[in-house]
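# Secondary and tertiary structure notes
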There are 6 protein chains.
Amino acid sequence: MNADTTTYERGQALSETVNPGMEQALAKRYDALVPGLSRMVVEVPYGTFYSRGVVDEKTRLLATVAALTAQGGQTKPQLKVNIASARAVGASREEICEIIYQMTLYGGFPAMINGMNTAIEVFEAEDSA
Amino acid sequence: MNADTTTYERGQALSETVNPGMEQALAKRYDALVPGLSRMVVEVPYGTFYSRGVVDEKTRLLATVAALTAQGGQTKPQLKVNIASARAVGASREEICEIIYQMTLYGGFPAMINGMNTAIEVFEAEDSA
Amino acid sequence: MNADTTTYERGQALSETVNPGMEQALAKRYDALVPGLSRMVVEVPYGTFYSRGVVDEKTRLLATVAALTAQGGQTKPQLKVNIASARAVGASREEICEIIYQMTLYGGFPAMINGMNTAIEVFEAEDSA
Amino acid sequence: MNADTTTYERGQALSETVNPGMEQALAKRYDALVPGLSRMVVEVPYGTFYSRGVVDEKTRLLATVAALTAQGGQTKPQLKVNIASARAVGASREEICEIIYQMTLYGGFPAMINGMNTAIEVFEAEDSA
Amino acid sequence: MNADTTTYERGQALSETVNPGMEQALAKRYDALVPGLSRMVVEVPYGTFYSRGVVDEKTRLLATVAALTAQGGQTKPQLKVNIASARAVGASREEICEIIYQMTLYGGFPAMINGMNTAIEVFEAEDSA
Amino acid sequence: MNADTTTYERGQALSETVNPGMEQALAKRYDALVPGLSRMVVEVPYGTFYSRGVVDEKTRLLATVAALTAQGGQTKPQLKVNIASARAVGASREEICEIIYQMTLYGGFPAMINGMNTAIEVFEAEDSA
């Protein structure tokens with residue numbers, strides 16, 4: 001197995017663990033329009049970035065939640081995914097909301113409130129699951 | 001001592017520990033133009049947000065580094081301060097750069113490269129100190 | 001009464017005047033996740049910023065409408081609140097829309113059109129009230 | 001006919017060709033609040049910018065799609081219009097999606113996925129027309 | 001004189017009053033690369049937007065300062081121009097800084113501090129003039 | 001040679017053609033802090049995105065110039081690189097500036113002027129080369 005094969009395989013192993021069926025769903029929706037999009041998502045975010053292991057998953061995901069909150073409401077779909085992932089690796093609701101709350105200082109009040117509302121949507125989905 | 005007195009005093013205790021002389025420097029530069037600016041910085045970021053203690057300082061600062069990187073080069077002065085603060089509470093250069101690197105996915109390549117260059121400036125200042 | 005007590009009390013007096021019930025609503029929705037969030041909103045925006053009195057309320061609110069319009073559609077919920085507040089302190093519909101219109105030059109046409117649509121939503125709610 | 005008359009007339013000719021009824025629709029919705037808004041849209045984007053002819057329409061529209069994608073989900077209504085316009089001047093679905101896809105590198109993954117979803121909405125409307 | 005001629009002439013009259021020599025400077029620097037750029041700046045910002053007169057100049061300029069501050073440090077050259085213009089129509093240093101200060105809530109602390117530093121540069125240039 | 005090997009090799013072939021020495025320069029500056037950063041830049045932008053060939057290089061680069069201009073002055077280093085690349089694949093100065101000029105409508109006047117100034121820096125470097 002050469003190094004590049006590993007990128008895809010490592011990405012696939014990770015994406016199937018944390019997000020089963022993602023590659024097939026992306027392929028079905030996007031690959032006719034952008035050939036290779038689903039494979040790229042497996043290789044780049046999952047195989048190249050998420051799987052590096054330099055910082056632990058919880059820290060990496062809380063940092064991502066911070067960034068998406070500061071970028072504002074337009075990243076809401078991705079913020080929901082990353083909040084759910086942070087929950088899955090052991091972040092408490094209070095820790096996630098604290099990180100969102102700290103973003104008041106950098107993204108302003110609208111970004112913080114939008115982030116809190118997105119978190120609450122994720123938690124409500126957990127409670128009704 | 002009532003709760004509100006504590007806000008200012010708690011902020012002052014924290015800012016004097018991590019950033020000695022900050023309140024006086026802000027007061028000298030800004031308070032004639034905006035009366036109370038220096039006190040507000042002590043009370044709000046330091047007394048109200050940074051001192052909450054719900055997440056540890058290292059996680060809070062890495063999340064801040066993530067957000068400022070994703071917001072792009074215009075927050076460079078503040079990114080430098082927060083990278084230096086993350087170093088001061090024990091984050092390694094590799095951890096800080098890893099968090100900046102992950103922002104490729106959310107802020108794009110220009111934001112990541114600008115963030116890396118800012119981190120290197122902070123590390124070079126450490127090495128020449 | 002010391003200076004800090006005044007921050008909270010001043011904020012509460014103002015928020016109860018312009019936005020009655022806000023603190024309780026925030027507390028109910030957010031404080032279990034972020035202890036102190038509702039008090040912070042009373043103390044910081046209301047007690048520390050909105051109540052300074054250096055510029056008149058109408059100018060302060062029109063400037064806020066300008067900024068939120070230029071930041072784009074993601075701040076729509078907050079833009080609605082600030083447009084309604086500007087109306088409450090005497091800004092005409094024409095003045096509010098003029099400020100939004102000027103943002104064509106700084107935020108671009110999409111931001112301006114989104115801002116106009118948000119203003120129209122507020123005015124339609126006034127007309128049906 | 002002097003040069004300035006031409007600005008409005010040129011804009012009107014172009015807007016009536018690519019977007020028939022636009023000026024009247026804008027006038028009805030916005031001109032009571034902002035006198036002259038509809039005329040400004042005819043004169044500035046259509047009469048002053050779109051009609052310059054230095055680059056061909058397809059290139060100009062693909063560049064616009066790139067910019068609106070990188071600016072994120074908040075420009076979705078305008079992104080839809082420009083995707084439809086790019087289609088009308090001969091851009092294929094694959095070309096439009098390729099340009100959106102390239103924005104992964106500059107606007108990040110959330111911006112790219114939001115852009116793809118917007119494009120799919122436009123294509124679905126074409127298919128059901 | 002028809003309505004469109006008035007747009008250019010009105011813009012020119014205003015730009016020569018508040019910014020003498022601007023059109024010639026823009027023409028010299030940019031018009032070989034973008035034919036008509038200088039005329040467009042006269043017609044659109046000056047002739048179409050700044051000269052509408054629906055809100056007074058001071059309010060319009062303070063709103064612009066708010067928006068450019070919230071957009072962050074990348075608009076610094078334009079923020080300087082608009083702060084100087086606000087001064088020229090009678091805004092005090094305290095009023096301008098107050099508007100910048102209020103942006104803490106919407107653009108975050110980095111945007112506010114960057115805005116304050118830009119204002120101080122303008123005031124220092126006034127003092128040394 | 002399997003498909004993944006091709007990603008790195010394809011990226012290397014392209015980056016060595018358009019940007020000789022880039023991988024080594026990135027490796028020297030960044031790889032001690034972020035192991036694999038230089039390889040990722042070769043594999044992802046060059047091997048995965050730039051080399052897809054669905055749209056021609058000139059269109060792809062003009063679209064990138066549009067996006068970086070609309071994102072504002074903070075992406076100036078990357079805007080310079082992409083303007084130079086657009087020149088290298090045959091875009092005229094007038095075409096590049098036209099695309100920047102069109103961004104007035106989406107990114108606002110400050111973004112357009114900043115983009116024009118960046119383009120002029122690239123052209124002056126060409127003239128003095």
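Residues numbered from 1 in each chain as written. Chains lettered and ligands numbered in written order. Predicted model: local features only at pLDDT ≥ 70, side-chain atom pairs only at ≥ 80, totals over all residues. Heavy atoms only, no water.

Our next topic: the overall build of chain A. Counting its regular elements, chain A contains seven helices and zero strands. In terms of overall dimensions, chain A has C-alpha extents of about 45 × 35 × 30 Å along its principal axes. Among the 129 residues that make up chain A, the fraction classed as buried is 59%. When the accessible surface of chain A is split by element, carbon and sulfur atoms take 55% of a total near 4,700 Å². Positive and negative side-chain charges of chain A, numbering 11 and 15 respectively, have mean locations separated by a distance of 3 Å. (Helix = DSSP H or I, 4+ residues; strand = E, 2+ residues; numbered from the N terminus. Buried < 20%, exposed > 50% of the residue type's maximum accessible area, 1.4 Å probe, protein only. Areas by Shrake-Rupley, 256 points an atom, 1.4 Å probe, with all protein chains shown as cover. Lys, Arg positive; Asp, Glu negative; His and termini not counted. Charge placed at Lys NZ, Arg CZ, Asp CG, Glu CD.)

A separate point is helix α4 (residues 57–71) of chain E. All names here are of chain E. Taking 1.5 Å as the rise per residue, α4 with 15 residues should run 21 Å; its terminal C-alpha atoms sit 21 Å apart, in good agreement. Of all 15 residues in α4, 13 are buried; the element is thus mostly enclosed. A distance of 3.2 Å separates the backbone nitrogen of K58 from a side-chain oxygen at the start of α4, and that oxygen is part of D56. Two residues or fewer after α4 comes G72, characterised by a positive phi angle close to 95 degrees. (Expected span 1.5 Å × (residues − 1). Polar contact = N/O pair within 3.5 Å; in protein donor to acceptor, adjacent residues only side chain to side chain.)

The partner chain A presents 29 residues to the 29 residues of chain B that form the contact. The interface formed by chain B and chain A contains two salt bridges. In this structure, E98 of chain A and R52 of chain B form a salt bridge, with 2.9 Å as the shortest nitrogen-oxygen distance. Counting every contact that joins chain B to chain A gives eight residue pairs in polar contact (both at pLDDT 80 or more). Listing elements by their share of the side of chain B that touches chain A, those giving two or more residues are α3 (37–50), α4 (57–71), α6 (93–102) and α7 (104–107) of chain B. In terms of residue count, α4 of chain B provides more of the side of chain B that touches chain A than any other element does, 10 residues in total. When the residues that make up the side of chain B that touches chain A are grouped by side-chain class, the tally is 17 nonpolar, seven polar and five charged. (Contact = heavy atoms within 4.5 Å. Salt bridge = Lys/Arg side-chain N within 4 Å of Asp/Glu carboxyl O. Nonpolar A, V, L, I, M, F, W, Y, C, P; charged D, E, K, R; others polar.)

With that settled, consider the interface of chain F and chain B. Taken together, the contacts link 16 residues of chain F with 18 residues of chain B. Counting each side, the surface lost to burial between chain F and chain B is near 1,400 Å², with a carbon and sulfur contribution of 66%. When the area that chain F buries against chain B is broken down by residue, the three leading residues are Y30, L33 and Q74 of chain F, summing to 42%. If you look at where chain F meets chain B, you find zero salt bridges. Along the contact surface separating chain F from chain B lie three residue pairs in polar contact (both at pLDDT 80 or more). Take the side of chain F that touches chain B: its biggest share by element is five residues, from helix α3 (residues 37–50) of chain F. Residues of the side of chain F that touches chain B, tallied by class, amount to 11 nonpolar, four polar and one charged. (Buried area = accessible area lost by both parts, 1.4 Å probe.)

The subject of this paragraph is the packing of helix α5 (residues 76–88) of chain E against helix α6 (residues 93–102) of chain E. Residues and elements named next belong to chain E. Where α5 meets α6, the axes come as close as 10 Å, and the angle between the chain directions of the two elements is 140 degrees. Between α5 and α6, the angle falls in the class oblique. The crossing of α5 and α6 is right-handed. Here α5 contributes I83, A86 and R87 to the contact with α6, which in turn contributes R93, I96 and I100. In the contact of α5 with α6, the residues fall into four nonpolar, no polar and two charged. (Axes fitted to C-alpha atoms, helices over the stretch in contact; angles between N-to-C directions. Parallel < 35°, antiparallel > 145°, perpendicular 65-115°, else oblique. Left-handed = near helix turned anticlockwise from the far one by under 90°.)

Expressed as a screw operation, the relation of chain B to chain A combines 0.0 Å of axial shift with a rotation of 180 degrees, fitting to an RMSD of 0.0 Å. Put plainly, the chains are arranged around a two-fold axis. When you check the interface residues of chain B against chain A, 100% turn up at the interface there too, and the contact is symmetric in its surfaces. (Least-squares fit on C-alpha atoms with pLDDT ≥ 70 in both.)

Structural alignment of chain F on chain B gives an RMSD of 0.0 Å, achieved by rotating through 120 degrees and translating 0.0 Å along the axis. In symmetry terms, the pair is related by a three-fold rotation axis. No C-alpha of chain F approaches the rotation axis more nearly than that of Q74 of chain F, which lies at 3.3 Å. Comparing contact sets, just 6% of the residues at the interface of chain F also lie at the interface in chain B, consistent with a heterologous contact between different surfaces.

The set of residues buried in helix α2 (residues 22–30) of chain D consists of M22, E23, L26 and Y30 of chain D. Projected down its long axis, α2 of chain D shows its buried positions confined to an angular sector of 95 degrees, all on one face. (Arc of directions from axis to C-beta.)

Along the chain, R60 of chain F falls in helix α4 (residues 57–71). Sequence-distant contacts of R60 of chain F, that is, excluding residues within four places in its chain, are made with I99 and Q102 of chain D together with Y50 and V55 of chain F.

All names here are of chain A. On average, residues of chain A score 94 in pLDDT, and 96% of them are at 70 or above. Mean pLDDT across the elements of chain A ranges from a minimum in helix α1 (residues 3–18), with 85, to a maximum in helix α6 (residues 93–102), with 98. This prediction of the complex comes with two scores: 0.94 for pTM and 0.93 for ipTM. (pLDDT = per-residue confidence, 0-100.)

To continue, consider the domain arrangement of chain A. One can read the domain layout of chain A as domain 1 (7–52) and domain 2 (57–128). Here domain 1 of chain A and domain 2 of chain A have C-alpha centroids that lie 23 Å from each other. (Domains from an automatic or database assignment.)

Let's shift gears to the packing of helix α4 (residues 57–71) of chain D against α4 of chain F. Between α4 of chain D and α4 of chain F, the least distance of the axes is 8 Å, while the angle of their chain directions is 45 degrees. When the axis of α4 of chain D is compared with that of α4 of chain F, the two are oblique. Crossing angle aside, the handedness with which α4 of chain D passes α4 of chain F is right-handed. From α4 of chain D, T59, L62, A63, A66, A67, A70 and Q71 of chain D reach across to α4 of chain F, where they touch T59, L62, A63, A66, A67, A70 and Q71 of chain F. Of the residues belonging to the contact of α4 of chain D with α4 of chain F, the class tally is 10 nonpolar, four polar and no charged.

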